[in-house]
Amino acid sequence: MKKDQFLTRRRVLLAGAAALGAAGTAGLFALGGADEPAPSAAPAAGAPVQPSRKPSAYRLQPLTGDEPPRALPPRTPVRSEPLLSMPARGRTMYLTFDDGPDPRYTPDILDTLREYDVRATFFVCGEMASYNRDLLARMADEGHVVGNHTWTHPLLTQLDRAEIRDEMERTSDIIEDTYGERPRWFRAPYGAWNRAAFQLGAAMGMEPLAWTVDTEDWTTPGTRAIVRAVEDGAGPGVVVLSHDAGGDRSQSVRALRSYLPQLLDSGYHLTVPSRPYA
């Protein structure tokens, strides 16, 4: 979507809400991968966001859920597993960034994407977005896709259905209020999914998107290691997982500056997912 279209659709921002605590268990469909560090408590109003998060041990290995299926609108299918890649013509790839927006790293990532005229998908946490609405608005202005990554980045398999719904709905609300439209894509924190998450996401009109290549940048393995992971995993329809928040993401920023022009020089087209996806 062009910049002026986003600007006309953007709404007046609403105040952010406090983070949600949760307990309990849900039917499991745990998918893996230590994809992101764990969330911290919500900061005080006006305070800089400095979340301290610890990595999860979840990998893409499904477990059976125990919650019965529920009738939902047909426009978005209820899946039993997330999408790991996207259909692609030729050398098309998808860059995704989780956990933000973060004023320390997200602007640098957006600057690099703008320099090379590339669009990416940002799976934002509502809590982070509530303190950094200007960055969410910039994503809209510059044509990026914004997805739902829950409000407080909890482990969904430890929440009940009502708590999962609240995490997802609040995040979709702030995305709509700031970005201009409700998100069409959802990614479970830690890559840990359950049936309730699939069903609720579909009811909200969102497709579950995981990833093909995990850069493991949350482990701060070094800029070269991140670049190597992207280059080795490059291919048609590949979805790359990186992070723009949740810890020190300076390596992720530097890695993007290195691998992005290399991918473009190799003939890859970096874009965003489109709907519908059947």
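Structure shown above.
Since this is a predicted model, take the numbers as computed values, not measurements.

Notes on the overall build of the protein chain
- Regarding its fold elements, the protein chain presents 8 helices and 10 strands.
- A total of 278 residues make up the protein chain; the buried ones form 56% of that total.
- Taking contacts inside the protein chain between residues at least 6 apart in sequence as the whole, the part at least 24 apart equals 84%.
- For the protein chain, the accessible area works out to roughly 11600 Å², and carbon and sulfur atoms hold 50% of it.

Thoughts on the pattern of salt bridges
- Counting across every chain of the model gives 11 salt bridges.
- With a shortest N-O distance of 2.7 Å, Arg79 and Glu207 are connected by a salt bridge. Taken together, the residues Arg79 in the loop between β1 (29–30) and β2 (92–98) and Glu207 in strand β7 (residues 207–208) connect sequence positions 128 residues apart. Glu207 carries the same exposure label as Arg79, and that label is buried.
- The residue Arg138 makes a salt bridge to Asp111 at a minimum N-O spacing of 2.6 Å. With Arg138 in helix α4 (residues 133–141) and Asp111 in helix α2 (residues 106–115), this residue pair connects regions lying 27 residues apart in the sequence.
- Put simply, Asp111, Arg114, Arg138 and Glu142 are held in one network by salt bridges that share partners.

Section: the packing of helix α7 (residues 223–233) against helix α8 (residues 250–265)
- Interaxial distance between α7 and α8 falls to 8 Å at its minimum, and their mutual angle equals 40°. Of the possible angle classes, the one that applies to α7 and α8 is oblique. As for how α7 packs across α8, the hand of that crossing is right-handed. Contact with α7, carried on its side by Thr223, Ile226, Val227, Val230 and Glu231, involves Gln251, Ser252, Arg254, Ala255, Ser258, Tyr259, Gln262 and Leu263 of α8 and no other residues of that element.
- Here the contact of α7 with α8 is composed, by residue class, of 6 nonpolar, 5 polar and 2 charged.

Examining α7
- Ile226, Val227 and Val230 are the residues of α7 that are buried. Along the axis of α7, the buried positions cluster into a sector of 95°, meaning they face one direction only. In α7, the exposed positions angled more than 90 degrees off the buried face are occupied by Arg224 and Asp232.

Considerations on the packing of aromatic side chains
- Taken as a whole and judged by the stated rule, the model has 3 aromatic pairs.
- Judged by centre distance (5.3 Å) and plane angle (25°), the rings of Phe97 and Phe122 are stacked. Of this pair, Phe97 sits in strand β2 while Phe122 sits in strand β3 (residues 121–124), and the two are 25 residues apart along the sequence.
- A relative accessible area of 1% means that Phe97 is categorised as buried.
- Summarising the aromatic geometry, the rings of Trp193 and Phe198 are spaced 5.2 Å apart at their centres and angled 5° between planes, so their arrangement reads as stacked. For the pair Trp193 and Phe198, a shared accessibility class is recorded, and that class is buried.
- Grouping aromatic residues by their ring pairs yields a cluster made of Phe186, Trp193 and Phe198.
- One Lys or Arg, Arg91, reaches over the ring of Tyr268 and ends 4.8 Å from the middle of that ring.

Regarding the nonpolar core
- Leu95, Phe97, Leu113, Phe122, Leu256, Tyr259 and Leu270 are the most contacted members of the largest nonpolar core, which has 34 residues in total.
- In terms of residue count, the dominant contributor to this core is α8 (6 residues).
- Apart from the residues lying within four places of it in its own chain, the contact partners of Leu95 are Leu113, Ala120, Thr121, Val240, Leu256, Tyr259, Leu260, Leu270 and Thr271.
- Counting 13 residues, the second-largest nonpolar core is a separate cluster that includes Leu159, Ile164, Phe198 and Met204.

With respect to unusual backbone geometry
- For the bond running from Gly100 to Pro101, omega is 5°, close enough to zero to count as cis.
- Following the sequence through the fold, Pro101 ends up in the loop between β2 and α2.
- Phi is positive for Tyr190, which is not a glycine, with a value near 65°.
- Topologically, Tyr190 is positioned in the loop between β5 (185–186) and β6 (192–193).
- The backbone phi angle of Glu216 is positive, close to 55°, even though this residue is not glycine.
- Its place among the elements puts Glu216 in the loop between β8 (213–214) and α7.
- The exposure class assigned to Glu216 is partly exposed, which follows from its relative accessible area of 31%.

What counts, and at which threshold
Residues numbered from 1 in each chain as written. Predicted model: local features only at pLDDT ≥ 70, side-chain atom pairs only at ≥ 80, totals over all residues. Heavy atoms only, no water. Helix = DSSP H or I, 4+ residues; strand = E, 2+ residues; numbered from the N terminus. Buried < 20%, exposed > 50% of the residue type's maximum accessible area, 1.4 Å probe, protein only. Contact = heavy atoms within 4.5 Å. Areas by Shrake-Rupley, 256 points an atom, 1.4 Å probe, with all protein chains shown as cover. Salt bridge = Lys/Arg side-chain N within 4 Å of Asp/Glu carboxyl O. Axes fitted to C-alpha atoms, helices over the stretch in contact; angles between N-to-C directions. Parallel < 35°, antiparallel > 145°, perpendicular 65-115°, else oblique. Left-handed = near helix turned anticlockwise from the far one by under 90°. Nonpolar A, V, L, I, M, F, W, Y, C, P; charged D, E, K, R; others polar. Arc of directions from axis to C-beta. Phe/Tyr/Trp six-rings, centres within 6.5 Å; stacked < 30°, edge-to-face > 60°. Lys NZ or Arg CZ within 6 Å of the ring centre and 35° of its normal. Core = buried A, V, L, I, M, F, W, Y, C linked by side-chain atoms within 4.5 Å.

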